[in-house]
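Summary of structural features
In case you want the letters, here they are:
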Amino acid sequence: MTLLGRLLKNRRAGETHTAWNLPNLQGPDQLTLTSMDFGDGDTMPLKNCAKQIGGADQSPHLTWAPLPPGTAQLLLVVEDIDVPMAKPAVHCLALIDPSAAEHLEPGALSARQPGPGVRILRSTIGRGYHGPAPIKGHGPHRYVFELFALSTPVDSAATTTPIARARPRAFLPTVTAPVLGRGRLTGVYER
């Protein structure tokens, strides 16, 4: 796998196609998103990485502030922007009820037992949180946690595919609720 990583070294998805850059998800960058597990730009601990590389695949603790007045729902998108593909890989996609969750405890993004107020949607990889497992030798991968405060719940928007079954790249452009605030946190992992 190290040879494959070196061969793909210069191939990276980049930020262009992230949820953060979608026209419908633009809004004031007023949310501060933090974690007790790692700081912005810091290496993510092994417990937050995928099981196939020795991790626990446990989603990290996340907290946000200040929540804009009128926030009806939070949208969380976790993307690997350094994956050797045309677009970033969505490692987790979730809707959060702000009245039920003021922060996310470790493991709250589990597909089997999501935390209070958390609704897990389909990601590129499956459902629930999927921790880092970059190709050996490919270099550092940035995992961007993007949080959007929405003025109306996504469920109230009309979409052609039910949101529970929609692929992330098809679902994200359909979010029409105005974004009241947004914030991001980047964790890094390299093998």
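Here is a short report on the structure shown in this document. Model, not experiment: these values are computed from the prediction. (Residues numbered from 1 in each chain as written. Predicted model: local features only at pLDDT ≥ 70, side-chain atom pairs only at ≥ 80, totals over all residues. Heavy atoms only, no water.)

This next bit is on the side chain of Asn 48. Structurally, the position occupied by Asn 48 is in the loop between β2 (42-43) and β3 (62-65). A polar contact is formed between the side chain of Asn 48 and the backbone oxygen of Gln 58, at a distance of 2.7 Å. Beyond its immediate stretch of four places on either side in the chain, Asn 48 contacts Asp 37, Phe 38, Gln 58, Ser 59, Pro 60, Tyr 129, Gly 131 and Pro 132. (Helix = DSSP H or I, 4+ residues; strand = E, 2+ residues; numbered from the N terminus. Polar contact = N/O pair within 3.5 Å; in protein donor to acceptor, adjacent residues only side chain to side chain. Contact = heavy atoms within 4.5 Å.)

Let us look at the sheet that holds strand β6 (residues 103-104). Sheet architecture is open: 3 strands sit in the order β1-β3-β6, paired in antiparallel fashion. This sheet does not close on itself; its edge strands, each paired only once, are β1 (32-34) and β6. Of the strand pairs in this sheet, β3 and β6 are connected by 2 bridges, and their pairing is antiparallel. Each residue of the ladder has a partner; that of Thr 63, found in β6, is His 103. (Pairing = 2+ DSSP bridges.)

Here we take up the pairing of strand β4 (residues 73-80). Counting buried positions along β4 gives 8 out of 8 residues, so the element sits mostly inside the fold. Neither face of β4 is exposed, since Gln 73, Leu 75, Val 77 and Glu 79 on one face and Leu 74, Leu 76, Val 78 and Asp 80 on the opposite face are all buried. In this structure, β4 lies alongside strand β8 (residues 141-150), joined through 8 bridges in antiparallel fashion. When the sheet's bridge partners are listed, Glu 79 is paired in β8 with Val 144. (Buried < 20%, exposed > 50% of the residue type's maximum accessible area, 1.4 Å probe, protein only.)

This part is about the pairing of β8. Of all 10 residues that make up β8, 9 are buried, and the element is covered over most of its length. Of the pairings in the sheet, the one linking β8 to strand β9 (residues 179-189) comprises 10 bridges and is antiparallel in character. The residue of β9 that forms the bridge with Tyr 143 is Gly 187.

If you walk across this open sheet you meet the 6 strands as β2-β9-β8-β4-β5-β7, and the pairing is mixed. On the outer flanks of this sheet lie β2 and β7 (118-120), each paired with one strand and no other. Two strands pair when backbone bridges link them, and strand β5 (residues 89-96) and β7 are joined in this way by 3 bridges, in the antiparallel orientation. Looking at the pairing, Ile 96 lines up with Val 118 of β7.

This part covers the layout of surface pockets. For the largest pocket, the calculated volume is near 260 Å³. If you go around the largest pocket, you meet 15 residues; those closest to its centre are Lys 51, Asp 57, Ser 110, Ala 111 and Arg 112. By residue class, the composition of the lining of the largest pocket is 4 nonpolar, 7 polar and 4 charged. Computed from the structure, the second largest pocket encloses a volume of approximately 220 Å³. Along its surface, the second largest pocket is lined by 16 residues, and His 91, Ile 125, Gly 131, Ala 133 and Pro 134 are the ones closest to its centre. (1 Å grid on protein atoms, 1.4 Å probe; cavity = no way out; pocket = protein on both sides within 12 Å on 5 of 7 lines; lining within 4 Å. Points joined across faces, edges and corners; volume = space filled by probe spheres on them. Nonpolar A, V, L, I, M, F, W, Y, C, P; charged D, E, K, R; others polar.)

The peptide bond linking Ala 65 to Pro 66 adopts the cis configuration, its omega dihedral lying at -15 degrees. Relative to the helices and strands, Pro 66 is located in the loop between β3 and β4. With a phi close to 55 degrees, Asp 57 is a non-glycine residue in the positive phi region.

Residues Leu 76, Ile 96, Leu 104, Leu 109, Phe 145 and Leu 147 are the most contacted members of the largest nonpolar core, which totals 27 residues. If you list the elements that add at least two residues to this core, you get β3, β4, β5, β7, β8 and β9. Top element by residues in this core is β8. It accounts for 4 residues. When near neighbours in sequence (up to four residues on either side) are disregarded, Leu 147 contacts Leu 31, Leu 33, Trp 64, Leu 74, Leu 75, Leu 76, Ile 96, Gly 181, Arg 182 and Gly 183. Among the nonpolar cores identified, the runner-up in size contains 20 residues, and Trp 20, Leu 75, Leu 93 and Ala 177 belong to it. (Core = buried A, V, L, I, M, F, W, Y, C linked by side-chain atoms within 4.5 Å.)

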